[in-house]
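# Structure assessment
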Amino acid sequence: MIHKKFGSFSLSDEIQKALGVLDYEIPTEVQERVIPMALEKKDLIVKAKTGSGKTAAYAIPICEAVDWLENKPQALILTPTRELAVQVKEDFTHIGRFKRIKAAAIYGGHPFAIEKTELKQKTHVAVGTPGRVMDHIRKGTLPLSKISCLVIDEADRMLDMGFIDQVEEIIKELPEDRVTMLFSATMPQAIKDLSLNDRRVPVQIDIQEDSSVTADIDHSLFITSEEDKFELLTDITIMENPDSCIIFCSTKDRVDLVWERLKQMNYHPQKLHGGMEQTDRISAIRRFKRGQFRYLIATDVAARGIDVDDISLVINYDIPLEAETYVHRTGRTGRAGRKGNAISLATPSQDRFVRQIEAFIGFPIKERAGYEKSCVAQARLNFDKKIKAAPEIKQLKSDQLNKGIMKLRFNAGKKKKFRATNFVGVLSNLEGMSAEDIGIITIQDTLTYVEILNGKGSKVLEMMSHTTINGKQLKVTKALDKY
Ligand code: AMP
């Protein structure tokens, strides 16, 4: 296949610029097929997996279509998990950075009142889990009248988690004159049967599984007893000495247990499971992405949708009982053309699960014998050296986009009838400034936050201390939080 460049789609300069900074040069297959259709406002049912670039496949055309001046949400994205909602929101913020697109994430476990305030301000794109989205709809805090695009992401997962009825309820509330895009890794009948929009016939797009997904990963297996598992786990970590590693366990209690024991052994591990506070979960993922710690012990909360580059080792401390889960878990390593390593532990009685996985992935998993103790002892030196050293902090692609941004805080907002256009008007007329240097504007009741891009924040701060907006001299300071 000849790969096009993003330049061959009719995308605005603002979006192309953001893609350039994010290093998205060649569209992935799903992007190549979805973007032109979505730009033509076709309804789509897309079979594509996490890791295929599906988020950008819908986020790019949506960002392109957003009308910045409209204050009410124009697109609604439904995701099965809170983590994915936050990640998708961040993807919209990055892709829409130069168009100043404002996305809000709304999900259970996050303070409702904060979301309500955020939705009252200018919000172009709302991303949320079905339950919380329905809550907002019922309470009238999520205006739907301007929604012209609905995305149902990871629809099969919604089905597995029992959210599909809520999704159908939400669909009924939306304006009929809208585009609907559904993305799903598999297409069970219940998904095919979903009535998305009676008035439109969706185009089906099927992205073939990329066999290299698993081929880039070295898969191996240890058969062990439950009693010996933990020691084998530590042997594996010593021998492999990974820079970043996820250890998957079957339940949150098992995660707690492994985390506790590794903590005592000074691995500085972090954990991730559904029983944790939402903020702790999000923070664990953020810090893992940055490489601030090496070992993440997790349940399947982390197996899907979470996009962390460059995980050198995935360990299945507990072999997954479903073959598909195995693919999702191990798919966390060997991403973006890098070599991955996936090691699973199974007890002799779990043999049938191993066979099922092998049948599903289409090749046998190499079985390994335990390590010689002398080899482990030898490798220990290097391991100890690394574990004592601070990990190397990773630069994220989005850092490039966030570089040079200063957020300014003005002491007036909605109550004094200030609008985003007032700020854009004045700021873009300052010497050396243009509309392109202005980022996201957040207007609250009594405050306004404006992002100034391209390293021009300090200059604008100085100029605005003696420049009026709407005939008023506002107090302007640098906001404490950057984002
Ligand atoms: P997703 O399937 O949406 O979870 O995306 C998987 C990963 O691919 C994410 O890290 C994206 O940032 C990255 N990505 C998406 N599109 C492109 C592209 N065209 N070129 C390079 N990376 C991409």
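Residues numbered from 1 in each chain as written. Predicted model: local features only at pLDDT ≥ 70, side-chain atom pairs only at ≥ 80, totals over all residues. Heavy atoms only, no water.

### Comments concerning the overall build of the protein chain
Each helix and strand counted, the protein chain has 19 helices and 18 strands in total. On the principal axes, the C-alpha backbone points of the protein chain span a range of 80 × 55 × 45 Å. When each of the 483 residues of the protein chain is scored for burial, the buried share is 53%. Relative to all contacts within the protein chain whose residues are 6 or more apart in sequence, the contacts with residues 24 or more apart total 77%. Accessible area for the protein chain stands at about 21,800 Å²; split by element, carbon and sulfur atoms hold 50% of it. (Helix = DSSP H or I, 4+ residues; strand = E, 2+ residues; numbered from the N terminus. Buried < 20%, exposed > 50% of the residue type's maximum accessible area, 1.4 Å probe, protein only. Contact = heavy atoms within 4.5 Å. Areas by Shrake-Rupley, 256 points an atom, 1.4 Å probe, with all protein chains shown as cover.)

### Here we look at the packing of helix α4 (residues 82–95) against helix α13 (residues 278–289)
In contact at an axis separation of 10 Å, α4 and α13 are set at 55° when each is read in the N-to-C sense. The orientation of α4 with respect to α13, classified from their angle, is oblique. Handedness of the α4/α13 crossing: right-handed. Every residue of α13 that contacts α4 at Arg 82, Glu 83, Val 86, Gln 87 and Glu 90 is listed here: Gln 278, Arg 281, Ile 282, Ile 285, Arg 286 and Lys 289. Considered class by class, the residues forming the contact of α4 with α13 number 3 nonpolar, 2 polar and 6 charged. (Axes fitted to C-alpha atoms, helices over the stretch in contact; angles between N-to-C directions. Parallel < 35°, antiparallel > 145°, perpendicular 65-115°, else oblique. Left-handed = near helix turned anticlockwise from the far one by under 90°. Nonpolar A, V, L, I, M, F, W, Y, C, P; charged D, E, K, R; others polar.)

### Overview of α13
The end-to-end C-alpha separation of α13 is 17 Å, in line with the 16 Å expected for 12 residues at 1.5 Å each. Of the residues making up α13, those classed as buried are Gln 278, Arg 281, Ile 282, Ala 284, Ile 285, Phe 288 and Lys 289. In an axial view of α13, the angular spread of the buried residues amounts to 155°, which keeps them on one side of the axis. Looking at the buried side of α13, the elements it contacts are α4, β9 (245–248), β10 (270–272) and β11 (295–298). (Expected span 1.5 Å × (residues − 1). Arc of directions from axis to C-beta.)

### Topic: the side chain of Arg 332
Examined against the element boundaries, Arg 332 turns out to sit in the loop between α14 (323–330) and β13 (340–346). Exposure remark for Arg 332: the relative accessible area of 4% places this residue in the buried category. Polar side-chain contacts of Arg 332 include one of 3.3 Å to the backbone oxygen of His 328. (Polar contact = N/O pair within 3.5 Å; in protein donor to acceptor, adjacent residues only side chain to side chain.)

### Things to note about the nonpolar core
Across soluble globular proteins, you tend to see nonpolar side chains buried next to one another. Of all hydrophobic cores here, the largest spans 48 residues; its most connected members are Val 34, Ile 62, Phe 92, Val 125 and Met 181. It is helix α3 (residues 54–65) that provides the largest number of residues to this core, a total of 7 residues. In this view, Met 181 contacts Val 34, Ala 38, Leu 44, Tyr 58, Ile 62, Cys 149, Leu 150, Val 151 and Ile 152; residues no more than four positions away in its chain are not counted. By size, the runner-up hydrophobic cluster in this structure holds 27 residues, among which are Leu 78, Ile 147, Ile 170 and Ile 191. (Core = buried A, V, L, I, M, F, W, Y, C linked by side-chain atoms within 4.5 Å.)

### A short note on the sheet that holds strand β8 (residues 217–223)
The 7 strands are arranged β10-β11-β9-β12-β13-β8-β14 in an open sheet whose pairing can be described as parallel. Edge positions in the open sheet fall to β10 and β14 (366–368), since each of these has one partner strand only. Here the strands of the sheet are splayed against their neighbours by 25° on average, with no regard to which way each runs. Judged from the 3 bridges that link them, β10 and β11 form a sheet pairing that is parallel. Bridge pairing links Leu 272 to Ala 298 in β11. (Pairing = 2+ DSSP bridges.)

### A word on the pairing of β13
With 7 of its 7 residues buried, β13 lies for the most part within the structure. Burial along β13 is two-sided: the face carrying Gly 340, Ala 342, Ser 344 and Ala 346 and the face carrying Asn 341, Ile 343 and Leu 345 are both buried. In the sheet, β8 pairs with β13 via 7 bridges, with the strands oriented parallel. Along β13, the bridge assignment pairs Ser 220 with Ile 343. As defined by bridge partners, strand β12 (residues 313–316) adjoins β13 across 3 bridges and the pair is classed as parallel. In the sheet register, Val 314 faces β13, and the bridge partner there is Ala 342.

### Regarding the domain arrangement of the protein chain
One can read the domain layout of the protein chain as domain 1 (6–208), domain 2 (213–397) and domain 3 (404–478). If you average the C-alpha positions of domain 1 and of domain 2, the two centres end up 31 Å apart. Between domain 1 and domain 2, the contact holds 21 residues from the first and 17 residues from the second. With both sides pooled, the region where domain 1 packs onto domain 2 buries about 1,600 Å², and carbon together with sulfur makes up 48% of that total. Of all residues in domain 1, Glu 83, Gln 87 and Arg 157 give up the largest surface area on contact with domain 2, accounting jointly for 36% of the area buried on that side. Joining domain 1 to domain 2, the criterion identifies 2 salt bridges. Ionic pairing is found between Arg 286 and Glu 90, a salt bridge with its closest N-O pair at 2.5 Å. Applying the counting criterion to the domain 1 and domain 2 interface returns 2 residue pairs in polar contact (both at pLDDT 80 or more). Taken together, the elements giving at least two residues each to the side of domain 1 that touches domain 2 come down to α4 and α7 (155–160). With 6 residues, the single largest contributor to the side of domain 1 that touches domain 2 is α4. Split into classes, the residues belonging to the side of domain 1 that touches domain 2 amount to 7 nonpolar, 6 polar and 8 charged. (Domains from an automatic or database assignment. Buried area = accessible area lost by both parts, 1.4 Å probe. Salt bridge = Lys/Arg side-chain N within 4 Å of Asp/Glu carboxyl O.)

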